[in-house]
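For reference, the chains in residue letters:
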Amino acid sequence: MSADAPGLASVDHELGDEAPLPRDNGELVFEEPWQGRALGMGVVALERTGASWSGFRRHLAAAIAAHKPDPDESEATAYYASWLDALEALLAECGLLGQPQ
Amino acid sequence: MTKDHHHPHPESAVELRARALEALLAERGLVSTDAIDAVVELYEHDVGPQNGAKVVARAWVDEEYRARLLGDANGAIAELGFGGAEGDNMVVVANTPTIHNMVVCTLCSCYPWPVLGLPPSWYKSPPYRARAVSEPRAVLGEFGVELGDDVEIRVWDSSAEVRYLVLPLRPSGTEGWSEAELAAIVSRDCMIGTAVPRVLDSAAG
């Protein structure tokens, strides 16, 4: 269950203006299912690991800045690709993505 | 969100990467498919109007906050920690005993989602968008809001630049209520102006 998951409003609050979720008139934009799963994965992983949202936001802003623009790529695709980068970077920083024992 | 693994098209590199990361995190016990599904489901459908209700409740109990809200809605709403890209340029319009405000977006469905969540389907429907302007009193009657002839109805047309929120009248019988109790009677429609807060016997006290 998602009983512990933060509400969307609090995710918006954590991301701030630095890296807001892609939206269209308020509705989240998921062009393909993997984008929604990427968001869900990040929220659940942060919740379970207790990793900080501020750390995630920092990685996400950096990943967005470092993302190479591709004219064939939509805004949502670019955003959630960066989201994956940020999640990997954060979990690696926490030592959670090393080789399995 | 689908769990269907039969994709109609070849998976893109980023899609494969997302799947690989999910599998890795699942293996480490950091995520589960069910938990991810639940979050996605929640976020896709449930952005409630509770933020707006908190803003209204605060304005009801705090005169100074009310004044700030009516003067600079963005700033006052941000004080409570709400806001966001598309929620900028909010204007709050206050109901009075002789003025009832209602909001429409005649052009499309502009809506103050950071405080109200996602718009209801009727808000986006062409009949509401047209009739809210041409015959607001009849539309309100259909929503169950009967106003006296002495009450002026003001219709506000939201746009991408300005999004309106109605500050309803605090109903009598709510003296001494906490902000949380007050927020609970402020529905989404109250803040669009197609309803007024009501005190039910069961909600009193």
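Our subject is the structure listed above.
Bear in mind that the values here come from a model prediction, so they are computed numbers and not experimental data.

Cut-offs and rules
- Residues numbered from 1 in each chain as written.
- Chains lettered and ligands numbered in written order.
- Predicted model: local features only at pLDDT ≥ 70, side-chain atom pairs only at ≥ 80, totals over all residues.
- Heavy atoms only, no water.
- Contact = heavy atoms within 4.5 Å.
- Buried area = accessible area lost by both parts, 1.4 Å probe.
- Salt bridge = Lys/Arg side-chain N within 4 Å of Asp/Glu carboxyl O.
- Polar contact = N/O pair within 3.5 Å; in protein donor to acceptor, adjacent residues only side chain to side chain.
- Helix = DSSP H or I, 4+ residues; strand = E, 2+ residues; numbered from the N terminus.
- Nonpolar A, V, L, I, M, F, W, Y, C, P; charged D, E, K, R; others polar.
- Core = buried A, V, L, I, M, F, W, Y, C linked by side-chain atoms within 4.5 Å.
- Buried < 20%, exposed > 50% of the residue type's maximum accessible area, 1.4 Å probe, protein only.
- Phe/Tyr/Trp six-rings, centres within 6.5 Å; stacked < 30°, edge-to-face > 60°.
- Lys NZ or Arg CZ within 6 Å of the ring centre and 35° of its normal.
- Axes fitted to C-alpha atoms, helices over the stretch in contact; angles between N-to-C directions.
- Parallel < 35°, antiparallel > 145°, perpendicular 65-115°, else oblique.
- Left-handed = near helix turned anticlockwise from the far one by under 90°.
- Pairing = 2+ DSSP bridges.

Concerning the interface of chain A and chain B
Point 1. Each side of the interface is counted separately: chain A has 41 residues, and chain B has 38 residues.
Point 2. Surface buried jointly by chain A and chain B totals about 3,400 Å² across both partners, of which 64% is contributed by carbon and sulfur atoms.
Point 3. Here chain A is connected to chain B by 4 salt bridges.
Point 4. The salt bridge involving Glu-22 of chain B is made with Arg-37 of chain A; its shortest N-O contact spans 3.0 Å.
Point 5. The interface formed by chain A and chain B contains 5 residue pairs in polar contact (both at pLDDT 80 or more).
Point 6. Ranked by residue count, the leading element in the side of chain A that touches chain B is helix 2 (residues 33–49) of chain A, at 12 residues.
Point 7. Class assignment for the residues of the side of chain A that touches chain B results in 21 nonpolar, 11 polar and 9 charged.

Points about the nonpolar core
Point 1. Membership of the largest hydrophobic core comes to 45 residues, with the highest contact counts inside it found for Leu-69, Ile-77, Val-115 and Tyr-128 of chain B.
Point 2. Among the elements that make up this core, the one with the highest residue count is helix 3 (residues 50–61) of chain B (6 residues).
Point 3. What Leu-69 of chain B contacts, discounting residues up to four positions off in sequence, is Val-55, Ala-59, Ala-76, Ile-77 and Val-92 of chain B.
Point 4. Core analysis: the next-biggest nonpolar cluster, separate from the first, contains 40 residues, Val-44, Trp-83 and Leu-84 of chain A together with Val-39 of chain B among them.

Focus: the packing of aromatic side chains
Point 1. Across all of its chains, the model carries 13 aromatic pairs over all chains by this definition.
Point 2. Seen in terms of ring centroids, Phe-30 of chain A and Tyr-80 of chain A are 6.0 Å apart; in terms of plane orientation they differ by 50°. Their pairing is tilted. With Phe-30 of chain A in the loop between strand 2 (27–28) and helix 2 and Tyr-80 of chain A in helix 4 (residues 75–93), this residue pair connects regions lying 50 residues apart in the sequence.
Point 3. Looking at Phe-30 of chain A, the relative accessible area reads 18%, which means it is buried.
Point 4. Three or more aromatic residues joined by ring pairs make a cluster, and in this case those are Phe-30, Trp-53, Phe-56, Tyr-79, Tyr-80 and Trp-83 of chain A.
Point 5. Here the basic side chain of Arg-58 of chain B rests over the ring of Tyr-65 of chain B, its NZ or CZ set 5.8 Å away from the ring centre.

A word on the packing of helix 3 of chain B against helix 4 (residues 63–71) of chain B
Residues and elements named next belong to chain B.
Point 1. Interhelical geometry of helix 3 versus helix 4 gives an angle of 125° and a closest axis separation of 5 Å. Taken together, the axis directions place helix 3 and helix 4 in an arrangement best described as oblique. For the crossing formed where helix 3 meets helix 4, the hand is left-handed. Contacts between helix 3 and helix 4 involve Val-55, Arg-58, Ala-59 and Val-61 on the former and, on the latter, Glu-63, Tyr-65, Arg-66 and Leu-69.
Point 2. Among the residues making up the contact of helix 3 with helix 4, the classes are represented as 5 nonpolar, no polar and 3 charged.

Topic: the packing of helix 3 (residues 53–66) of chain A against helix 4 of chain A
Residue and element names in this part refer to chain A.
Point 1. Interhelical geometry of helix 3 versus helix 4 gives an angle of 130° and a closest axis separation of 8 Å. With respect to helix 4, the axis of helix 3 lies oblique. Crossing hand, helix 3 versus helix 4: right-handed. Contacts between helix 3 and helix 4 pair Trp-53, Gly-55, Phe-56, Arg-58, His-59, Leu-60, Ala-63 and Ile-64 from the former with Tyr-79, Ser-82, Trp-83, Asp-85, Ala-86, Leu-87, Ala-89, Leu-90 and Glu-93 from the latter.
Point 2. Here the contact of helix 3 with helix 4 is composed, by residue class, of 11 nonpolar, 3 polar and 3 charged.

Quick look at the pairing of strand 2 (residues 99–104) of chain B
Residues and elements named next belong to chain B.
Point 1. Within strand 2, 6 of the 6 residues are buried, leaving the element largely enclosed by the surrounding structure.
Point 2. Residues Ile-99, Asn-101 and Val-103 line one face of strand 2 and the alternating positions His-100, Met-102 and Val-104 line the opposite face, and both faces are buried.
Point 3. The sheet contact formed by strand 2 and strand 3 (residues 152–157) spans 6 bridges and is parallel. Bridge pairing in strand 3 links Ile-99 to Glu-152.

Description of the pattern of salt bridges
Point 1. With the rule as written, the count across this model stands at 13 salt bridges over all chains.
Point 2. A salt bridge links Asp-37 of chain B to Arg-37 of chain A; the shortest N-O distance between them is 2.7 Å. Taken together, the residues span two chains, with Asp-37 of chain B in helix 2 (residues 33–45) and Arg-37 of chain A in helix 2.
Point 3. The partner of Arg-154 of chain B in a salt bridge is Glu-152 of chain B, and the shortest N-O contact between them spans 2.9 Å.
Point 4. Exposure remark for Arg-154 of chain B: the relative accessible area of 34% places this residue in the partly exposed category.
Point 5. The class for Glu-152 of chain B is partly exposed, based on a relative accessible area of 39%.

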